[in-house]
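Reading the structure
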Amino acid sequence: GKKLEELGADYLGVACLDEAIELREAGIQCPIMILGCTPTFYASDLVKYNITQACCSLRQAKILSEYATPEKKAKIQIKVDTGMHRLGFAPTEESMDIVKEIFALPNLDIVGVFSHLALETKEQDYDQWKKFQYFIDGCEARGLTFPLKSINDGIGTIRYPEMRYNMVRPGSFFYGFNPHLTDLKPLMQLKSEIVHLQLLPAGEGIGYGLDDAADHDRIIATLPFGYVDGVPRAMSHYQGWTSVKGVK
């Protein structure tokens, strides 16, 4: 977060409240947005730490309004469900009327509107974009304006420059991970230490399923982390690798 802020990022996006608070307590000053849905009983923390929350319902907006004050408003971005069906307002006239009610609530600062592409086919992506723009147009016809508009993640930013509006969310691109761009390089390494060594006889498998049995004796090294810590299980069965003292 500090590096991105130093490099000029206007906003930091996180998944949940814990991450947002951790950034604030680390001294991050720039706006922070939670793209997921925070339980409403944490509304006071959103206001206290000056965090922008994705807004998906009138009830959520009313609760945030109650916890905020004219001096310390609750910041929200309206989430539009253009097809992924996870969170957000449907792009309908009824939803636009609900958003108008949200704009009328006190102590709220509606700083933007956003959606997210499914990135399945170009036709579907353009259909989502049309729904998003339809929603924006309908809100603006009701006198509602959004300073920030966003639908592109990293892939969308490269694939659809016409959809960039005035905010993009490059996501994993920042870390150098994406199969669609060959000139991205991963920025991070995971370093650990071996906590256990054992000699495994030929024919013995390892771990769940007792897989990867070999026809020769092997020395097996155990590292103190696993998929519970975020390491993909897809790295199993010789799909992933480590290096020990510089040897792969």
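Provided above is the structure to which this section pertains.
The rules behind these values
Just so you know, the residues in each chain are numbered from 1, in the order the chain's sequence is written. In keeping with the predicted nature of the model, local features appear solely for residues at pLDDT of at least 70, side-chain atom pairs appear and are counted solely at 80 or more, and the whole-chain, interface and lining totals rest on all residues. Working from all heavy atoms in the structure, the side-chain values ignore hydrogens and water. Residues enter a nonpolar core if they are buried and are Ala, Val, Leu, Ile, Met, Phe, Trp, Tyr or Cys, with the set joined through side-chain atoms within 4.5 Å. With a 1.4 Å probe rolled over the protein chains alone, any residue whose accessible area is under 20% of its type maximum counts as buried; one over 50% counts as exposed, and the rest are partly exposed. Contacts are assigned to residue pairs that have any heavy atoms within 4.5 Å of one another. Surface patches are drawn from residues lacking salt bridges whose relative accessible area is over 30%; two like charges belong together within 9 Å, two nonpolar side chains (Val, Leu, Ile, Met, Phe, Trp, Tyr) within 5 Å. All accessible areas in this document rest on Shrake-Rupley with a 1.4 Å probe, and a residue is counted as covered only by the protein chains that are shown. One speaks of a salt bridge when a side-chain nitrogen belonging to Lys or Arg is within 4 Å of a carboxyl oxygen belonging to Asp or Glu. The positive count covers Lys and Arg only, the negative count covers Asp and Glu only, and His and the chain ends enter neither. To locate a charge, take NZ of a lysine, CZ of an arginine, CG of an aspartate or CD of a glutamate. Per the convention used, a helix needs a DSSP run of H or I reaching at least four residues, while a strand needs a run of E reaching at least two, with both numbered from the N terminus. Strands were regarded as paired on the criterion that DSSP finds at least two bridges between them. Here the term right-handed applies to a crossover when the path leading from its first strand over the helix to its second strand runs clockwise, the strands being oriented away from the viewer.

Time to look at the nonpolar core. With 47 residues, the main nonpolar core has Ile-78, Ile-102, Leu-108 and Phe-135 as its most contacted residues. Among all residues touching Ile-78, those that are not within four sequence positions of it are Cys-55, Phe-89, Val-99, Ile-102, Ile-110, Gly-112, Val-113, Phe-114, Phe-135 and Phe-146.

Let us now look at a negative patch on the surface. On the surface, Asp-18, Glu-19, Glu-22 and Glu-25 cluster together into a negatively charged patch. When you line up the elements, Asp-18 lands in helix α2 (residues 17–25). On the accessibility criterion, Asp-18 (61% relative accessible area) is exposed.

Here we take up the pairing of strand β4 (residues 74–79). The buried count for β4 comes to five of six residues, which makes it a mostly enclosed element. Bridge analysis of strand β3 (residues 52–55) against β4 gives three bridges, and the strand direction is parallel. What sits directly across from Ala-54, in β4, is Gln-77. Remark: the β3/helix α4 (residues 58–67)/β4 crossover connection has right-handed handedness. Note: β4 against strand β5 (residues 108–114), six bridges, orientation parallel. Along β5, the bridge assignment pairs Lys-79 with Phe-114.

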